[in-house]
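Summary of structural features
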Amino acid sequence: MSRAEEAARRAELAAARDAEESRQAQQLVDAFVVEARARGIAPEPLRATLFDGHGVKTDKAGWYLRRNKSVAIGDDGAYYVLTVPGGLRERFSGVRLRPSPPPLEVGRGGRDGETGDLAEFLAKRLDAG
């Protein structure tokens, strides 16, 4: 097997692993949305932060998972990263969020104290009401 074929095979395996992780994480997210609604925890309008640091409105509502409001679960059951590109136009008009595949570990590769299991973040959000 050539190096290129080995690299392609490793990429395929990594993609399959990521897809399975996202499938498992989506099950946690779906259960969270059901439980949040059952507890009467209302979603709020989500705001995003542009790469330049400005806060902007979005087209979604949901529940923030992190204190810095950089990650949220939408009321549509999607996982959103709320740090987005944009400029002057987006500062006035807002942004349309695109869902990201949910990870089982929030903030993977981030600084200490800002990462953790998705299940823990979801439980903390439910406990906070």
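First, a word on scope: everything that follows refers to the structure included in this document.

What counts as what
Residues numbered from 1 in each chain as written. Predicted model: local features only at pLDDT ≥ 70, side-chain atom pairs only at ≥ 80, totals over all residues. Heavy atoms only, no water. Helix = DSSP H or I, 4+ residues; strand = E, 2+ residues; numbered from the N terminus. Buried < 20%, exposed > 50% of the residue type's maximum accessible area, 1.4 Å probe, protein only. Pairing = 2+ DSSP bridges. Contact = heavy atoms within 4.5 Å. Axes fitted to C-alpha atoms, helices over the stretch in contact; angles between N-to-C directions. Arc of directions from axis to C-beta. Core = buried A, V, L, I, M, F, W, Y, C linked by side-chain atoms within 4.5 Å. Salt bridge = Lys/Arg side-chain N within 4 Å of Asp/Glu carboxyl O.

1. So, unusual backbone geometry
Despite not being glycine, Lys69 shows a phi value in the positive range, around 55°. Within the secondary structure layout, Lys69 lies in the loop between β2 (55–64) and β3 (71–74). Among the residues examined, Lys69 registers a relative accessible area of 41% and is labelled partly exposed.

2. Let's talk about the sheet that holds β2
Two strands in a sheet stick together by hydrogen bonds in their backbones, pointing the same way (parallel) or opposite ways (antiparallel). With mixed pairing, the 5 strands of this open sheet are ordered in space as β4-β3-β2-β1-β5. Each edge of the open sheet is held by one strand with a lone partner, namely β4 (79–81) and β5 (83–84). Here 3 bridges tie β3 to β4, and the two strands are oriented antiparallel to one another. Of the residues in β4, the one forming a bridge with Ile73 is Tyr79. With respect to the sheet, helix α1 (residues 3–38) is in contact with β2 and β3, its orientation differing from that of β3 by roughly 70°.

3. Some details on helix α3 (residues 118–128)
What α3 keeps buried is the set Leu118, Phe121, Leu122, Arg125 and Leu126. On an axial view of α3, the arc spanned by its buried residues comes to 135°, and they lie on one face. Facing away from the buried side of α3 by over 90 degrees, the exposed positions are Lys124, Asp127 and Ala128. The inward-facing, buried residues of α3 abut α1, β2, β3, β4, β6 (105–106) and β7 (116–117). Just downstream of α3, Gly129 is the residue with a positive phi angle, here 80°.

4. Considerations on the pairing of strand β1 (residues 44–50)
Here β1 runs beside β2; their pairing, made up of 5 bridges, is antiparallel. Looking across to β2, one finds that Arg47 is bridged to Lys57. Connecting the antiparallel pair β1 and β2 is a turn made up of 4 residues, with Gly53 showing a positive phi of about 100°. Strand direction decides the pairing type here: β1 and β5, joined by 2 bridges, are parallel.

5. Examining the nonpolar core
In this structure, Phe32, Trp63, Leu65, Ile73, Tyr79 and Leu118 are the most contacted members of the largest nonpolar core, which totals 16 residues. Within the residue set of this core, elements represented by two or more residues are α1, β3 and α3. Those residues within four positions of Tyr79 in sequence are excluded, and the remaining contacts are Leu65, Val71, Ala72, Ile73, Pro99, Ser100, Pro101, Pro102, Pro103, Val106 and Leu118. Among the nonpolar cores identified, the runner-up in size contains 12 residues, and Val56, Ala72, Leu82 and Val84 belong to it.

6. A short note on the environment of Gln24
With respect to the helices, strands and loops of the structure, Gln24 is situated in helix α1. Expressed as a C-alpha distance, the spacing of Gln24 and Pro102, which sit 78 residues apart in the sequence, is 8.7 Å.

7. Quick word on the pattern of salt bridges
Pairing between side chains of opposite charge can happen when the charged atoms of each approach one another. The final tally for this structure, using the stated rule, is 7 salt bridges. One salt bridge in this structure joins Glu12 and Arg9, with 3.5 Å as the shortest N-O distance. Here the residue Glu12 and the residue Arg9 both occupy positions in helix α1, the gap between them amounting to 3 residues, near one helical turn. Residue classification places Glu12 among the partly exposed residues on the basis of a relative accessible area of 47%. For Arg9, a relative accessible area of 43% corresponds to the partly exposed category. Linking Lys60 and Asp76 is a salt bridge whose minimum nitrogen-to-oxygen distance equals 4.0 Å.

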